Amino acid sequence: MKYAAVIEYSQDQELVGTHRPAHRAYLASLIEKNQLFASGPTEDGYGALIVYEADSPEAVEALMKADPFFAAGVFLKWTVRPWKMVLFNPKLAPQV
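So, a few notes on the structure that sits alongside this text. (Residues numbered from 1 in each chain as written. Predicted model: local features only at pLDDT ≥ 70, side-chain atom pairs only at ≥ 80, totals over all residues. Heavy atoms only, no water.)

To continue, consider the sheet that holds strand 1 (residues 2-9). Pairing in this open sheet of four strands is antiparallel, and the strands run 2-3-1-4 from one edge to the other. The outermost strands of the open sheet, each flanked by one partner alone, are strand 2 (36-41) and strand 4 (75-83). Looking at each pair of strands side by side, their axes are set apart by 15 degrees on average, direction ignored. With five bridges joining them, strand 2 and strand 3 (residues 47-53) adopt antiparallel strand pairing. Following the sheet pairing, Pro 41 is matched in strand 3 by Ala 48. Sheet strands touched by helix 1 (residues 13-32): strand 1, strand 2, strand 3 and strand 4. Its angle to strand 2, the strand with the most contacts, is close to 160 degrees. (Pairing = 2+ DSSP bridges. Helix = DSSP H or I, 4+ residues; strand = E, 2+ residues; numbered from the N terminus. Axes fitted to C-alpha atoms, helices over the stretch in contact; angles between N-to-C directions. Contact = heavy atoms within 4.5 Å.)

What follows concerns the pattern of salt bridges. Per the counting criterion, the structure on display carries two salt bridges. The partner of Lys 2 in a salt bridge is Glu 53, and the shortest N-O contact between them spans 3.0 Å. Residue Lys 2 is located in strand 1, and its partner Glu 53 is located in strand 3; the two are separated by 51 residues in the primary sequence. Relative accessible area serves as the criterion here: at 22%, Lys 2 is assigned to the partly exposed category. According to the relative accessible area criterion, Glu 53 is partly exposed, its value standing at 27%. (Salt bridge = Lys/Arg side-chain N within 4 Å of Asp/Glu carboxyl O. Buried < 20%, exposed > 50% of the residue type's maximum accessible area, 1.4 Å probe, protein only.)

Right, let's talk about the nonpolar core for a bit. Core analysis: the largest hydrophobic core is formed by 20 residues, its most contacted members being Ile 7, Tyr 9, Leu 30, Ile 50, Tyr 52, Val 60 and Met 64. Those residues in contact with Ile 50, other than ones at most four positions away along the chain, are Tyr 3, Ala 4, Ala 5, Ile 7, His 23, Leu 27, Leu 36, Ala 38 and Ser 39. (Core = buried A, V, L, I, M, F, W, Y, C linked by side-chain atoms within 4.5 Å.)

At Asn 34, a position not held by glycine, the phi torsion is positive, near 60 degrees. Its location among the elements puts Asn 34 in the loop between helix 1 and strand 2.

A complete count under the given rule lists six aromatic pairs for this structure. When the ring of Tyr 9 is compared with that of Phe 75, the centres are 6.0 Å apart and the planes differ by 25 degrees; the resulting orientation is stacked. Placement of Tyr 9 in strand 1 and of Phe 75 in strand 4 is noted, with a sequence separation of 66 residues between them. The exposure classification of Tyr 9 matches that of Phe 75, with both residues buried. (Phe/Tyr/Trp six-rings, centres within 6.5 Å; stacked < 30°, edge-to-face > 60°.)

From the geometry alone we can't say anything about function, so treat these as descriptive.
Listed below in structure tokens is the structure:
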């Protein structure tokens, strides 16, 4: 099942920038394990939206707590909600 996490970040840009490479490497490892559907920061610097693939909200919390951003104090607070993708427009998806 997919879960969407809306996460508020620390506004300390040095802290975020210092730990971003490890955070992104961690997210890449989740992709390899089919535990991450999509992720990205908000354009306004508030935080991020991360959509995990997990069996429960508790499993999502465990994934989040294993993230280097959590250990560094970048993640301040979050909301995790079950999410169901109904429609998807591949023309608007970034080519990464």
